[in-house]
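# Fold and geometry: a report
Residue strings, one per chain:
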Amino acid sequence: MQELIERARGLIAALPYIQRFRGRTFVIKYGGHAMLSPELREGFAQDIVLLQAVGINPVVVHGGGPQINQLIERLGLRSSFVRGMRVTDAPTMEAVEMVLQKIGKEIVAEISRQGGRAVGLSGKDGNLVVAHKMTVVVKDEKGRRTEVDLGLVGEVEEIKPAVLGALRDAGFIPVIAPIGHGRAGETYNINADVAAGEVAGALKAEKLILLTDVEGVKDEKGKLVASLDAARAKKMIASGTIGEGMIPKVECCLNALGAGVARAHVIDGRIAHGLLQAVFSDEGVGTEVVQGATRPSVRGKPAAA
């Protein structure tokens, strides 16, 4: 009986969030080692189906870093990263596309097993993600700037979300592989965090949620930052406190906020049902990224900082 009472309390506690977010769009980036655990894969699919069941429109953008690394190693290819971006030559691009298509089908199948309806697609489908070649400028220890050629890594030029609206209206959950195409037909590898942020901005999503392999953003002392505003985030990137793979995550959150997304979250995907905690509570998990001062909570009180 006590267990039933606790379940009822949990549902009641979630009610104001369900009321607020009904009809809104959440873009969720799914990746990292949360994709490798059968229990976490099942839990993620359950979370996505539940969000749709209560009237929220989830859009999933998935990565596949660990699986891509495994295939690249088996093929004898080399892989390197610059500011969290995988340098991608033509053979690596073939491996990336192969892995991401396979992962997309697996996510769709898991959502179906949990009672949902999903459709897998890439940025090539429906002209969803138009991209061009990305170059990155890095500084060495003496402050000298060097332009780095990342190969077939794409920078998003335009998101055309018509296909996502059609899927939503038909009751399907979009599951997007972060592959874009150029105007001359080129195929580009796009960082999944960046792709999720661009999609969220184009849809004016209520939330952008990035699932990661860490607790969230850490400060210079290694302590979790619960709420991070844009000014502090830029300073932490400049100082190196935020580095490597966390850079594109935080930058895409800032870009999404600038494009009209209400809130962005970097959460620990290794926590079972951490996605629901980020959605249906003020405390949540991980780091919330906001434009300015901490925003008020659903219940009208300041969110935890």
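Further up the page is the structure itself.
Residues numbered from 1 in each chain as written. Predicted model: local features only at pLDDT ≥ 70, side-chain atom pairs only at ≥ 80, totals over all residues. Heavy atoms only, no water.

In this section: the pattern of salt bridges. The full count for this structure, using the stated rule, is 14 salt bridges. Between glutamate 97 and lysine 124 there is a salt bridge, with its nearest N and O atoms 2.9 Å apart. With glutamate 97 in helix H4 (residues 90-113) and lysine 124 in the loop between strand E5 (118-122) and strand E6 (129-139), this pair connects stretches of sequence that are 27 residues apart. You can call lysine 124 partly exposed: its relative accessible area is 32%. Lysine 249 serves as the salt-bridge partner of aspartate 193, at 2.8 Å between the closest nitrogen and oxygen. Taken together, the residues span a long stretch of sequence, with aspartate 193 in helix H6 (residues 192-203) and lysine 249 in helix H8 (residues 246-258) at a distance of 56 residues. Among the ionic contacts, a cluster of salt bridges with common partners joins Arg20, Arg24 and Glu206. (Salt bridge = Lys/Arg side-chain N within 4 Å of Asp/Glu carboxyl O. Helix = DSSP H or I, 4+ residues; strand = E, 2+ residues; numbered from the N terminus. Buried < 20%, exposed > 50% of the residue type's maximum accessible area, 1.4 Å probe, protein only.)

This part covers the packing of aromatic side chains. This model, assessed by the stated rule, comprises two aromatic pairs. Measuring from ring centre to ring centre gives 5.3 Å for phenylalanine 21 and phenylalanine 26, while their planes differ by 70°; the resulting arrangement is edge-to-face. Overall, the relative accessible area of 2% leaves phenylalanine 21 in the buried class. Over the ring of phenylalanine 172 we find arginine 117, and its NZ or CZ is 4.2 Å from the ring centre. (Phe/Tyr/Trp six-rings, centres within 6.5 Å; stacked < 30°, edge-to-face > 60°. Lys NZ or Arg CZ within 6 Å of the ring centre and 35° of its normal.)

Before going further, it helps to spend a moment on the sheet that holds strand E13 (residues 263-268). If you walk across this open sheet you meet the eight strands as E5-E8-E2-E1-E11-E13-E14-E12, and the pairing is mixed. Among the strands making up the open sheet, the edge pair consists of E5 and strand E12 (227-229). Across the sheet, the axes of successive neighbouring strands diverge by a mean angle of 20°, strand direction being ignored. Bridge count for E13 against strand E14 (residues 287-290) is three bridges, and the pairing is antiparallel. Looking at E14, one finds that valine 266 is bridged to threonine 287. (Pairing = 2+ DSSP bridges. Axes fitted to C-alpha atoms, helices over the stretch in contact; angles between N-to-C directions.)

By secondary structure assignment, the location of valine 175 is in strand E8 (residues 173-177). It is 9.2 Å that separates the C-alpha atoms of valine 175 and proline 58, two residues lying 117 residues apart in sequence. Excluding its chain neighbours within four sequence positions, the residues that come into contact with valine 175 are Val60, His62, Gly104, Ile107, Val108, Ile111, Ala118, Val119, Gly120 and Leu121. (Contact = heavy atoms within 4.5 Å.)

In terms of strand pairing, E6 meets strand E7 (residues 145-159) through ten bridges, oriented antiparallel. Within E7, the position partnered with lysine 133 by the bridge is glycine 154. Linkage of E6 to E7, two consecutive antiparallel strands, is achieved through a turn of five residues, within which glycine 143 is found at a positive phi near 85°.

Moving on: the packing of helix H3 (residues 65-75) against H4. Put simply, H3 and H4 touch, their axes get as near as 9 Å, and they point 135° apart. Our classification of the angle between H3 and H4 gives oblique. Crossing angle aside, the handedness with which H3 passes H4 is right-handed. Packed against H3, whose contacting residues are Gln67, Ile68, Leu71, Ile72 and Leu75, the element H4 presents Thr92, Ala95, Val96, Met98, Val99, Leu100 and Ile103 at the interface. A per-class count over the contact of H3 with H4 returns ten nonpolar, two polar and no charged. (Parallel < 35°, antiparallel > 145°, perpendicular 65-115°, else oblique. Left-handed = near helix turned anticlockwise from the far one by under 90°. Nonpolar A, V, L, I, M, F, W, Y, C, P; charged D, E, K, R; others polar.)

When you tally the buried positions in E8, you get five out of five residues, the bulk of the element. By the alternation rule, side chains of E8 split into Ile173, Val175 and Ala177 and Pro174 and Ile176, which are all buried. Pairing geometry for strand E2 (residues 57-62) and E8, over two bridges, is parallel. Counted as the bridge partner of valine 61 is isoleucine 176 from E8. The sheet contact formed by E5 and E8 spans five bridges and is parallel. By the bridge assignment for E8, serine 122 is matched with alanine 177.

Turning to the state of the cysteines, a few remarks are in order. Per the counting criterion, the structure on display carries zero disulfides. Free cysteine: cysteine 252, not disulfide-bonded; nearest cysteine sulfur from cysteine 253 at 4.6 Å. (Disulfide = S-S within 2.5 Å.)

A word on helix H1 (residues 2-21). Over its 20 residues, H1 runs 29 Å from end to end, which matches the ideal 28 Å to within 8%, given 1.5 Å per residue. Its axis deflected by about 40° at leucine 15, H1 carries its strongest bend there, up to four residues before the proline proline 16. Considered for burial, the residues of H1 that qualify are Ala14, Tyr17 and Phe21. Close packing links the buried residues of H1 with strand E1 (25-30), strand E11 (207-212) and helix H9 (274-279). (Expected span 1.5 Å × (residues − 1). Bend = angle between axes of the 7 residues up to and from the residue.)

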